[in-house]
Amino acid sequence: MPPLKASIEERLAKYTKKTDTCWLWIGATCEGYGIIGIKGQSSPARRIYYELYKNKIPAHECLLSICKNKLCVNPDHHFLQDEKLEFYIKKNDLTNCWEWLRNTNNKNYGMICHKGKMRLAHRVFYEKYKNEIPRGMNVCHSCDNSKCCNPEHLFLGTQADNVHDMENKKRDNKSKGEKHFKAKISKKEVMEVRKKFNEGTTIREVYHLFNYSYQTIYYICINKTWKHLIILGRH
Ligand SMILES: [Zn+2]
Ligand SMILES: [Zn+2]
């Protein structure tokens, strides 16, 4: 009996038309993707090809196609999703946001099928580039761009932070409509925020005194933003 690998290769070859770039599947398909029956089960042809020529695919890992051709089974055009997450985003040179290019939900957050589950894309990026997300915590945007996946624009917050943040953003958007989140607060208000904080008011209390997001206030208090306006005090 010939080895199993050879016979699978032969069967795959029978249904594959190789071009200079893509290898096109000409056998059966399901939802546009090539399928082949192996051990009594119909399996995605591109995954079988990938495992044959590249590596074993970890359980639940999705394959990403860089040619976006559903019928292509060329292993060189396929990568494990986690290796190529950047492929799903476009870096905006102006804002530094990493904008999600694929599907979004009704709130305009990027959605990704990740290890077998539908997830919010920015959370997947946060976990890959920064850290695990503790149970019950939200990942919030400092840039106010829900499609953004730049880990530098993401921070952990509680549900309450997020709701306050959203309310403030809505209010700000209504009254001003400026794009850059940090630009919304005036110099005078920054000085007032710092003064309150230096007098011993907690960040949360300061936050309630002003009409800005928790993060805007927080970053001013810890001198992360508006560094040229730092006044001597608690730091
Ligand atoms: Zn291809
Ligand atoms: Zn951003």
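Everything here concerns the structure above.
Cut-offs used in this document
- Residues numbered from 1 in each chain as written.
- Chains lettered and ligands numbered in written order.
- Predicted model: local features only at pLDDT ≥ 70, side-chain atom pairs only at ≥ 80, totals over all residues.
- Heavy atoms only, no water.
- Phe/Tyr/Trp six-rings, centres within 6.5 Å; stacked < 30°, edge-to-face > 60°.
- Helix = DSSP H or I, 4+ residues; strand = E, 2+ residues; numbered from the N terminus.
- Lys NZ or Arg CZ within 6 Å of the ring centre and 35° of its normal.
- Donors = N, O, S within 2.8 Å, 3.2 Å for Na, K, Ca; no water.
- Tetrahedral: all angles 85-135°; square planar, octahedral: opposite > 155°, others 65-115°.
- Buried < 20%, exposed > 50% of the residue type's maximum accessible area, 1.4 Å probe, protein only.
- Pairing = 2+ DSSP bridges.
- Contact = heavy atoms within 4.5 Å.
- Axes fitted to C-alpha atoms, helices over the stretch in contact; angles between N-to-C directions.
- Parallel < 35°, antiparallel > 145°, perpendicular 65-115°, else oblique.
- Left-handed = near helix turned anticlockwise from the far one by under 90°.
- Nonpolar A, V, L, I, M, F, W, Y, C, P; charged D, E, K, R; others polar.

(A) Here's a closer look at the packing of aromatic side chains. The final tally for this structure, using the stated rule, is 10 aromatic pairs. Both rings, one in Trp23 and one in Tyr53, keep their centres 6.1 Å apart while their planes meet at 85°; by these two values the pair is edge-to-face. With Trp23 in strand β2 (residues 23–25) and Tyr53 in helix α2 (residues 45–53), this pair connects stretches of sequence that are 30 residues apart. Following the ring pairs from residue to residue traces out a cluster consisting of Tyr88, Trp98, Trp100, Phe125 and Tyr129. The ring of Trp23 carries Lys18 above its face, with NZ or CZ at 4.0 Å from the centroid. If you follow Lys54 out to its NZ or CZ, it ends over the ring of Phe79, 4.1 Å from the centre.

(B) Seen up close, the coordination of the zinc ion (ligand 2). Protein ligation of the zinc ion (ligand 2) involves Cys97 (SG), Cys143 (SG), Cys148 (SG) and His153 (ND1), the donor distances falling in the range 2.0 to 2.4 Å. Of note is the zinc ion (ligand 2), whose four donor atoms meet at the metal with angles of 105 to 111° in an arrangement that counts as tetrahedral. Read N to C, the donor residues that coordinate the zinc ion (ligand 2) are spaced as C-x45-C-x4-C-x4-H. Note that Cys97 is positioned in the loop between β8 (89–91) and β9 (98–100) and Cys143 in the loop between β12 (138–141) and β13 (154–157), a separation of 46 residues in sequence. Each member of the pair, Cys97 together with Cys143, is buried.

(C) Quick peek at the coordination of the zinc ion (ligand 1). Every protein donor of the zinc ion (ligand 1) is accounted for by Cys22 (SG), Cys67 (SG), Cys72 (SG) and His77 (ND1), and the metal-donor separations fall at 2.1 to 2.4 Å. In this structure, the zinc ion (ligand 1) is surrounded by four donor atoms whose angles at the metal cover 107 to 113°, and the resulting shape is tetrahedral. On the primary sequence, the residues serving as donors to the zinc ion (ligand 1) are separated as C-x44-C-x4-C-x4-H.

(D) Region of the structure containing the sheet that holds strand β4 (residues 33–38). Strand order across the open sheet formed by three strands is β3-β4-β5, with antiparallel pairing between neighbours. Looking at strand neighbours, the two that pair on one side only are β3 (29–30) and β5 (41–44), the edges of this open sheet. In terms of strand pairing, β3 meets β4 through two bridges, oriented antiparallel. Its bridge partner lying in β4, Cys30 is registered against Tyr33.

(E) Structural detail: unusual backbone geometry. For His60, which is not a glycine, the phi torsion comes out positive at approximately 70°. Structurally, His60 is set in the loop between α2 and β6 (63–65). Given a relative accessible area of 57%, His60 falls into the exposed group.

(F) Inspection of helix α3 (residues 121–129) at higher detail. The set of residues buried in α3 consists of Ala121, His122, Val124, Phe125 and Tyr126. Looking at the buried positions of α3, the neighbouring elements they touch are β8, β9, β10 (111–114), β11 (117–120), β12 and β13.

(G) Highlighting the packing of helix α5 (residues 187–198) against helix α7 (residues 214–221). Across the interface, α5 lies against α7 with an axial gap of 9 Å and an inter-helix angle of 70°. Looking at the two axes, α5 sits roughly perpendicular to α7. Pair α5 / α7 crosses with right-handed handedness. Contacts between α5 and α7 pair Val190, Val193, Arg194 and Phe197 from the former with Ile217, Ile220 and Cys221 from the latter. When its residues are assigned to classes, the contact of α5 with α7 shows six nonpolar, no polar and one charged.

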